[in-house]
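Observations on chain architecture
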Amino acid sequence: MKNSAWNRKSFLSAAVFIALMTSFGSASAADVQTKDVVVTANKTEMKVRTSPAAVEIITEKEIKTLGFNDVRSVLAYASDIDLSRAVMTGNAVRIRGMNSDHTLILVDGRRMAGEDTRSTANSYALQRLSVNDIERIEIVRGPSSALYGSDAIGGVINIITKVPTKMGITMGINTGTYNTATFLHANLGKHGRWTTAFDARLDSKRKILHYVYSGGHMGTPHGGHMGTSQGGHMGTPQGGHMGTPQGGHMGTPQGGHMGTPQGGHMGTPHGGPMEEWGSITDGYESNMYGMHRLFHGTAIYDFENNNKNKIRFDIFHMNDDFQAEYPNMTSLSKRIFYNKDKKEWYHYDKNEYSIEYIGKNEKNSYQIRTYYSRLNKESNLINKRETFSEDLEKKIGGKHPKADMDSAVYINWIVEGKNTAYIGEHHNVTYGAEYRNVFYEGTRLGGSPAGLNKVKKAHSVKSYAGFVEDVWQVTDRLVFIPAIRYEYNERFGSEITPKIGMTYELEPHVRLKVNYGKGYKAPTISELYMDMNRAMGPAIVSIKGNPNLKPEYATSYDITLEGEQGNLFTKVTYFNNSVYNLIDAKTTKYGPYGMPGLIEYFNVGEVQINGTEFTLGVHFNPRVTLKAVYNTINATDKKTNARLSGRPEAVTTVQLTYDDHRAAGIMAVLSDRFTSNYYQNKKNHSYNIMDFVLEKKWSKDFATIFGVDNILNKKEPVMAIDGREWRVSGQWKF
């Protein structure tokens, strides 16, 4: 009943707003207050105001002005994207309340190799990109499987890197609460028919410590969560959720405590204390800290012919060396150490290679590309506790191993091509094909017990796809865009995903946009074949895949009205997503004393996610702009009508920008974001975050930036919000 009332309220609000919008008349206004052209939404260049898709674009200038040290921070103020921190240094990437693994993150339209479970997909993807190498970010909210296939049922984020043009060098340094980085972007200009560029970033992640204390029976003696006196969740240095940035507790889709089907304390199936065993956790835990290195080279050869043919080469390399520390854990008597001086070391390498051939003439615009992406991950854990007696080793030694390791190799190899045919004056038809080979080899597929002698196993999945889309200019006011994709997955067979979109110009500065589409997501290799026993935080986590999983399916639609009049611009959207065969993890076996014995993946049912997006802005004068965004989300389980965890009910953002537009001037941005009723741990959490950034341009070639995030020093451990953060940067151009 409550959800029905919420739906009526959302529709009523949209209807009222539409009624107000239709009163807009013809006026000498600027274009829509996003940038002019988008590529991601339709796989071809198209004006933002014409594209039916819900699109947002963040430019290089905006990124530079805000002075952020990472891509996650850049996206934090994008509309209807949840980037909540969790999983050590990871974060969620939810678009319109969908799961993180329903978002497809691309770099220059390319997929990246990376983690592939519901709780890890995209968690680290944004951290593996250099913020100084970005020309623009295109965000498409809503289903995009008709063009991009599996993984895009929630939306697409396309990070577009800088293209070599005229000669110039940009270098700088930034520092802040969490890191210090130096960066260099060298555009070597044109030499004959070649243009080349090189980007490098060296990033030192600071060591951040959190004091942790809990004492008493295994689980929690004080009604808190095991292993944290700050109210955070077990095993997470930032106080986030162990193993899942998507908002639920690991292994519990119902939002209960890990390993307890009744929502009780870990170590007891009924919430009571474990009499036989107990523990005291006392010490400091850290984040993953160390060196993060990124390098990217681009070279373009121009044939300088009538077809504007070019060949582009890209090489990318990432190298990480991190470590993390965990607090000591003892028996109640403090005579036995379960965990002592426990540390873990991580080494990651990522290499990507791409070659593409493009051309354009009066009738066609085409691209052929192949690329290879490989991520290697290695980690080793040492626990300096003494060897237990034979009896004690059997009972609890396996939960606190003296050593453990993890190894993984993720590979994507893709060949794709597309062509846009300009047919007459009314049709731009884009069609293309794709071959994709996904490979994963690692210890998490091997089934070995925790230790240093784990077995690796490997699996691969191949798929083939073809798609076609027609941008049809029906009349001067109406654009209609049908699209359809056929995809064959060697493990799940064929899928057809259609989508239609429409933009209708009600008046010269008022547009109605409608989208309807289907989407699907095939189970990943990990979800199908994982067989993992892994030391995570203070305990062992065992997860097993399910080869009987079925693909997830989604049906989505949205309706948008947008317009501008004079100095005002506004937009309102209602969206609705239904997801079927949702894949989630459940604890299926319990060990001694109710501790989790095994977590498995299942298709758990259907969810309904709908909401509204309101944007209203005004340019008071050329220097001052005020923008307000109000987004609502209602996400429920269709069977139980229960709220899904890891989502807010509403987020309100207000941003005031001042820019004097002088070569040696200043620009300042004051932002405030209020999150209402973020549902986590069976509780609602509401909090307000205010940020401020000031850019001082000393000349057209040199600027400094100072920023403070969370000015009011809000702390919300359950949401991994640790208080005030600062950053300072300087940037020079030559």
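Conventions adopted
Residues numbered from 1 in each chain as written. Predicted model: local features only at pLDDT ≥ 70, side-chain atom pairs only at ≥ 80, totals over all residues. Heavy atoms only, no water. Helix = DSSP H or I, 4+ residues; strand = E, 2+ residues; numbered from the N terminus. Buried < 20%, exposed > 50% of the residue type's maximum accessible area, 1.4 Å probe, protein only. Contact = heavy atoms within 4.5 Å. Areas by Shrake-Rupley, 256 points an atom, 1.4 Å probe, with all protein chains shown as cover. Pairing = 2+ DSSP bridges. Polar contact = N/O pair within 3.5 Å; in protein donor to acceptor, adjacent residues only side chain to side chain. Core = buried A, V, L, I, M, F, W, Y, C linked by side-chain atoms within 4.5 Å. pLDDT = per-residue confidence, 0-100. Phe/Tyr/Trp six-rings, centres within 6.5 Å; stacked < 30°, edge-to-face > 60°.

**Quick look at the overall build of the chain**
For the chain, the count of helices and strands is six helices and 41 strands. When each of the 734 residues of the chain is scored for burial, the buried share is 58%. Across the chain, contacts joining residues at least 24 apart in sequence account for 65% of those joining residues at least 6 apart. For the chain, the accessible area works out to roughly 29,600 Å², and carbon and sulfur atoms hold 58% of it.

**Things to note about the pairing of strand β38 (residues 702–709)**
Across seven bridges, strand β37 (residues 683–699) lies against β38 in antiparallel orientation. Paired with F692 across the bridge in β38 is V708. Counted along the chain from β37 to the antiparallel partner β38, the turn is two residues long. Relative to strand β41 (residues 725–733), β38 runs antiparallel, the two being bridged by eight bridges. Considered in β41, the bridge of V708 is made with W726.

**Thoughts on the environment of D531**
Mapping D531 onto the fold places it in strand β29 (residues 531–536). In this structure D531 comes out as partly exposed when scored by relative accessible area, which is 26%. Here the alpha-carbon distance between D531 and L445, two residues 86 residues apart in the chain, equals 4.7 Å. In this structure D531 touches T443, R444, L445, G446, G447, I543 and K544, once residues within four positions along its chain are discounted. At 3.4 Å, the side chain of D531 forms a polar contact with the side chain of K544.

**Some remarks on the nonpolar core**
Counting residues in hydrophobic clusters, the biggest one holds 28 residues, and the most contacted among them are I58, V71, L75, I137, I139, I157 and I159. For this core, the secondary structure elements donating two or more residues are α2 (60–66), α3 (71–75), β8 (103–107), β10 (134–141), β11 (155–161) and β36 (666–680). Once you skip the residues sitting within four places of it in the chain, I159 turns out to touch V71, L106, V107, D108, L129, I134, R136 and I137. With 20 residues, the next largest nonpolar core counts Y440, L445, I525 and A535 among its residues.

**Observations concerning the sheet that holds β11**
Judged by pairing direction, the sheet is mixed, and its five strands sit side by side in the order β3-β10-β11-β8-β9 without closing on themselves. Either end of the sheet is taken by a strand with one partner, and the two such strands are β3 (54–59) and β9 (110–111).

**A look at the confidence of the model for the chain**
Looking at the chain, the pLDDT average stands at 85 and 85% of residues meet or exceed 70. Low confidence marks residues 217–276, where pLDDT is under 50. Its contacts with residues over four positions away, or in another chain, come to 179 contacts.

**Notes on the side chain of R110**
The residue R110 is located in strand β9 in this model. Beyond its immediate sequence surroundings of up to four residues, R110 is in contact with I105, D314, E352, S354, R369 and Y371.

**A look at the pairing of β3**
Where a strand is regular, its side chains alternate between the two sheet faces. Of all six residues in β3, six are buried, a share of seventy percent or more. Burial of the side chains of β3 extends over both faces: A54, E56 and I58 are buried on one face and V55, I57 and T59 on the other. Sheet topology places β3 next to β10; six bridges connect them, and they run antiparallel. Paired with E56 across the strands is I139, a residue of β10.

**With respect to the packing of aromatic side chains**
Scanning the entire structure with this criterion turns up 16 aromatic pairs. Ring centres 4.4 Å apart and planes at 15° place the aromatic pair Y410 and Y440 in the stacked group. Within this pair, whereas Y410 is found in strand β23 (residues 403–423), its partner Y440 is found in strand β24 (residues 427–442), the two being separated by 30 residues in sequence. Y410 gets classed as buried once you look at its relative accessible area, which sits at 8%. On the basis of relative accessible area, Y440 is assigned to the buried category, the value being 1%. Relative to Y464, the ring of Y435 has its centre 5.3 Å away and its plane inclined at 45°; by these criteria the two rings are tilted. Taken as a pair, Y435 in strand β24 and Y464 in strand β25 (residues 457–473) lie far apart in primary sequence, 29 residues in all.

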